[in-house]
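What follows is each chain in one-letter form.
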Amino acid sequence: MYYTSRPEQCALASYFIDIGTTRYRFDGLAHLLAVASPLRSGDQLAGLAAESAEQRMAARLVLADLPLKAFLSETVVSYESDEVTRLIVDSHDPVAFAAISTLTVGEFREWLLSNTVGGSDIGAVAAGITPEMAAAVSKLMRNQDLIAVARKISVVTRFRNTIGLPGRLAVRLQPNHPTDDPAGIAASVLDGLLMGAGDAVIGINPASDNIETMATLLNLLEEVRCAYDIPTQSCVLAHVTTTLALVNRGAPVDLCFQSIAGTQAANRSFGIDLALLAETREATLSLDRGSIGSNVMYFETGQGSCLSADAHHGVDQQTLEARAYAVARAFSPLLVNSVVGFIGPEYLYDGKQIARAALEDHFCGKLLGVPMGVDICYTNHAEADGDDTDTILTLLGVAGVTFIMGVPGADDIMLNYQSTSFHDALYLREVLGLRPAPEFEAWLEKIGLSENGRIADWTPPAFEANRISALGQLNG
Amino acid sequence: MADPPALHHRLGALTQARVLLGRAGQAMPTRALLDFQLDHARARDAVHAALDPAALSAAIKQPCMVVRSRALDRTEYLKRPDLGRLLHEDDGALLTQTGATLAIVVADGLSASAVHAHAAPLIAAIVERLPDWRIAPPVVALQARVALGDDIGEALGAELSLVLIGERPGLSAHDSLGAYLTWAPRRGRRDSERNCVSNIRPPHGLSYAAAADTIVALMRAARHLQLTGVALKDGTLSLPSPDAR
């Protein structure tokens, strides 16, 4: 096989390559990245996917020889019209970039995998890596590469406990209820705590957007946390404007949540911009509720959100997802997770596509310096089931995922999708020898929930005495 | 493991969530595992069930026109929601201008099970509440998203279209029907220009009578205001869910 690749001189760089008798041409980085991307239904829906398997490989061959520096001279979304692009360009750190500045994308893959490059070396260049570079290199990596490199990287954050240490796996306790019923939520919270979940956060997706309801739920979580003196943080996953209002009325807001995406237009469809995120972060920080750290933001993302909002600018969904992590890292979050199978089969069709996306998202997040967890999940119209979540869960555990979800029985009765269960988290900790966040682990032992590193088979006396007012009816 | 202690045991009365499952090692006990898989199996079957137009026509007690979207099978339907919103090129000719007040479209959506269970009695309840309206014979739409009702309503020349469609199955409900109302249906209508009544699923969800009352009230208001959507939204109604779009 003979091929050449070189950019031509014009406004938008063109790249071409000859494979056999076929000449493949790519107009601009966005086109090149999209065609190089592993197959997924969302890129097909957007009309961006490779037209053939050979064309996809042609794009990857071009990408492999592309200097990383090319990503500093061409943006995939216009600088003038998109504040996420401006954030990426303006915050790029040339000093951090220096160590990798002469590499091509293909050489960058080998550098990341090299035995002489450790997690701290990668962390040192993170501020020099743009999300487009991260997405590009991920497209040249097999699943095992995404796991091997992510496993090297630790991103450690703190609020009331320490998240992201090597050998640790945290769990977001997700006790959602279709009517936000405090007793129903409290029941799921206690079930999760008794199964050792909740060190990442105890976080409720509210069904209502009513601020009184949100305040009630925040007070409930605060009551539970204080009743059992749990070294963790709580969150009601409201829109930032609601969180801002809750902060201003003195509600016990630990973390500020927001869904974010990789373009300004998609973020606008979420009702946010970077200034609003900054304002709400400042307000949340002003409460000064973290005992050992001040990472107060919690972000959720997911491939396909920009296309869903008709705001993808001809860029593939995985590259846009990586751009969302550039948004996240600008706000020093405690937690970020991709909700990888939630959006549906028109974006990620089956278990194979969801697994690939989960590993890409985790890898790109860690590479960019974000504390990356994954909501490993599927809907009933996706070609996926519990075997797929088991596989993805195990792969991500090996990759060193920061946290996963804990939903009672894996069945979220409010959002109507299937995630991972408290049992799943125990399985992963058991088979890989992973432990909870250290402060939370010490609490589990102190209160009698943990015995010899495993969750106890009984309910400790502290939980028999009912300390939760929302569960008052149980005393009747 | 031992029997769950008292407090823990009583939590289950407070929520439909799958709490108190117990453990086998770290894993779910066998019965809890199989219960979950049964619910998922029923949801999967509902997603992939084919709509039977003849049976539906018999249940509705009148002949129905059958049209297709441009998504020709379930796989394409799931991957290409855009095709599910467009009328098949060959089927437009089946529909002629009626000048009807209302076009009723019965669409498989993501649960043909829901359509077979609930569409016919709901249509009967709606029609009996509108004795003086000109209602076109129902159109059955296959591999259909909500917006396919725009093409159909436009081809029928109806003032209003009402799309009855199977909602995305959850583990707890695989046969929930949604009703989407659009004033002056035509291609390009936005979701914000529709009103939705969801979770029609007696006896657990909305009853036929209650759903028909709400739908008819909305339709009368829509005719009065000459619009549907956000401007017609009342506190008891929700915007369309993204899944069925």
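Every value quoted in this text rests on a predicted model; they were computed, and no experiment measured them.

K.L.:
What exactly am I supposed to notice about the interface of chain B and chain A here?
P.N.:
Many descriptions give the size of an interface as the accessible area lost when the pieces come together. Between chain B and chain A, the residue contacts involve 39 residues of the former and 49 residues of the latter. Approximately 3700 Å² of surface area, both sides summed, lies buried where chain B meets chain A, with 58% of it carried by carbon and sulfur atoms. Along the contact surface separating chain B from chain A lie three salt bridges. Two residues, R18 of chain B and D411 of chain A, come together in a salt bridge whose shortest N-O distance is 2.7 Å.

K.L.:
Sorry, what's going on with the pattern of salt bridges here?
P.N.:
Any two side chains of opposite charge can pair, so long as their charged atoms come close to each other. Inspection of every chain in the model, using the stated rule, returns 36 salt bridges over all chains. For the salt bridge of R168 of chain A with E441 of chain A, the shortest nitrogen-to-oxygen distance reads 2.8 Å. With R168 of chain A in the loop between β5 (162-163) and β6 (170-173) and E441 of chain A in helix α21 (residues 438-447), this residue pair connects regions lying 273 residues apart in the sequence. Assigned by exposure class, R168 of chain A and E441 of chain A land together as buried. Here D150 of chain B and R194 of chain B are joined by a salt bridge, their closest N and O atoms 2.9 Å apart. Of this pair, D150 of chain B sits in helix α7 (residues 148-156) while R194 of chain B sits in strand β6 (residues 194-200), and the two are 44 residues apart along the sequence. Both residues of the pair, D150 of chain B and R194 of chain B, belong to the buried class.

K.L.:
Could you clarify how one ought to interpret the side chain of R40 of chain A in this entry?
P.N.:
Residues and elements named next belong to chain A. Take R40: it is sitting in the loop between α1 (29-36) and α2 (41-45). In terms of polar contacts, R40 uses its side chain to reach the side chain of Q303, at 2.8 Å. Polar contacts involving the side chain of R40 include one to the side chain of E360, which spans 2.7 Å. With residues up to four places along the chain from it excluded, the contact list for R40 reads Q303, Q317, Q318, Y347, L348, Q353, R356, A357 and E360.

K.L.:
Help me out: how do you make sense of the layout of surface pockets in this one?
P.N.:
Summary: where empty space remains is shown by rolling a probe the size of a single water molecule over the atoms. Computed from the structure, the second largest pocket encloses a volume of approximately 470 Å³. What lines the second largest pocket is a set of 20 residues, and nearest its centre among them are G386, D390 and D424 of chain A together with M28 and L33 of chain B. When the residues that make up the lining of the second largest pocket are grouped by side-chain class, the tally is seven nonpolar, nine polar and four charged.

K.L.:
In this structure, what is going on with the packing of aromatic side chains? I would like to understand it.
P.N.:
The description of an aromatic ring pair uses the distance of the two centres, along with the angle that the planes make with each other. Per the counting criterion, the structure on display carries eight aromatic pairs over all chains. Consider the rings of F299 of chain A and F331 of chain A, whose centres lie 6.2 Å apart with planes at 65°: the pair is edge-to-face. Linking F299 of chain A in strand β10 (residues 297-301) with F331 of chain A in the loop between α17 (317-329) and β11 (335-339), this pair joins segments that are 32 residues apart in sequence. Each member of the pair, F299 of chain A together with F331 of chain A, is buried. Both rings, one in F342 of chain A and one in Y417 of chain A, keep their centres 4.9 Å apart while their planes meet at 85°; by these two values the pair is edge-to-face. With a gap of 75 residues between them, F342 of chain A in the loop between β11 and α18 (351-367) and Y417 of chain A in strand β15 (residues 417-418) connect regions that are remote in the sequence. Of the residues examined, Y417 of chain A reaches a relative accessible area of 1% and is grouped as buried. Each residue in the set Y228, F440, W443 and F463 of chain A is aromatic and connected to the rest through ring pairs, giving one cluster. Taking NZ or CZ as reference, R74 of chain B lies 4.1 Å from the ring centre of Y77 of chain B, over its face. The aromatic ring of Y349 of chain A is capped on one face by K79 of chain B, whose charged end is 4.5 Å from the ring centroid.

K.L.:
Just checking my understanding: could you explain the side chain of E300 of chain A for this structure?
P.N.:
Residues and elements named next belong to chain A. Relative to the assigned elements, E300 resides in strand β10. Within the structure, the side chain of E300 is placed 3.2 Å from the side chain of R172, a separation counted as a polar contact. Only 3.4 Å separates the side chain of E300 from the side chain of N337, close enough to count as a polar contact. Those residues in contact with E300 that lie beyond four places of it in its chain are R172, L237, F257, Q258, S259, I260, N337 and V339.

K.L.:
What am I meant to see in empty space enclosed by the protein here?
P.N.:
Residue and element names in this part refer to chain A. A complete count under the given rule lists three cavities of 30 Å³ or more for this structure. Within this model, the second largest cavity holds a volume of roughly 80 Å³. Along the wall of the second largest cavity there are 16 residues; nearest its centre are G304, C306, L307, Q317 and L320. Along the lines of polarity and charge, the residues of the lining of the second largest cavity split into six nonpolar, eight polar and two charged.

K.L.:
Sorry, what's going on with the confidence of the model for chain B here?
P.N.:
As a general rule, the predicted coordinates of low-pLDDT regions are not to be interpreted in detail. Residue and element names in this part refer to chain B. Per-chain confidence: chain B averages 91 in pLDDT, with 91% of residues scoring 70 or above. Here residues 235-242 scores under 50 on pLDDT; set against residues more than four positions off or in separate chains, the count is 13 contacts. Interface confidence for the predicted complex, expressed as ipTM, amounts to 0.93; the pTM equals 0.92.

K.L.:
I tried to follow unusual backbone geometry on my own but got confused; where do I start?
P.N.:
The general pattern is negative phi for most residues beyond glycine and trans for most peptide bonds. Residue P203 of chain B is reached from P202 of chain B by a cis peptide bond, and omega for that bond is 5°. Looking at the element boundaries, P203 of chain B is found in the loop between β6 and α8 (208-225). Located in the positive-phi region is D288 of chain A, a residue other than glycine, with phi close to 55°. Relative to the assigned elements, D288 of chain A resides in the loop between α15 (274-286) and β10. Even without being glycine, D310 of chain A reaches a positive phi, approximately 55°.

About the thresholds
Residues numbered from 1 in each chain as written. Chains lettered and ligands numbered in written order. Predicted model: local features only at pLDDT ≥ 70, side-chain atom pairs only at ≥ 80, totals over all residues. Heavy atoms only, no water. Contact = heavy atoms within 4.5 Å. Buried area = accessible area lost by both parts, 1.4 Å probe. Salt bridge = Lys/Arg side-chain N within 4 Å of Asp/Glu carboxyl O. Helix = DSSP H or I, 4+ residues; strand = E, 2+ residues; numbered from the N terminus. Buried < 20%, exposed > 50% of the residue type's maximum accessible area, 1.4 Å probe, protein only. Polar contact = N/O pair within 3.5 Å; in protein donor to acceptor, adjacent residues only side chain to side chain. 1 Å grid on protein atoms, 1.4 Å probe; cavity = no way out; pocket = protein on both sides within 12 Å on 5 of 7 lines; lining within 4 Å. Points joined across faces, edges and corners; volume = space filled by probe spheres on them. Nonpolar A, V, L, I, M, F, W, Y, C, P; charged D, E, K, R; others polar. Phe/Tyr/Trp six-rings, centres within 6.5 Å; stacked < 30°, edge-to-face > 60°. Lys NZ or Arg CZ within 6 Å of the ring centre and 35° of its normal. pLDDT = per-residue confidence, 0-100.

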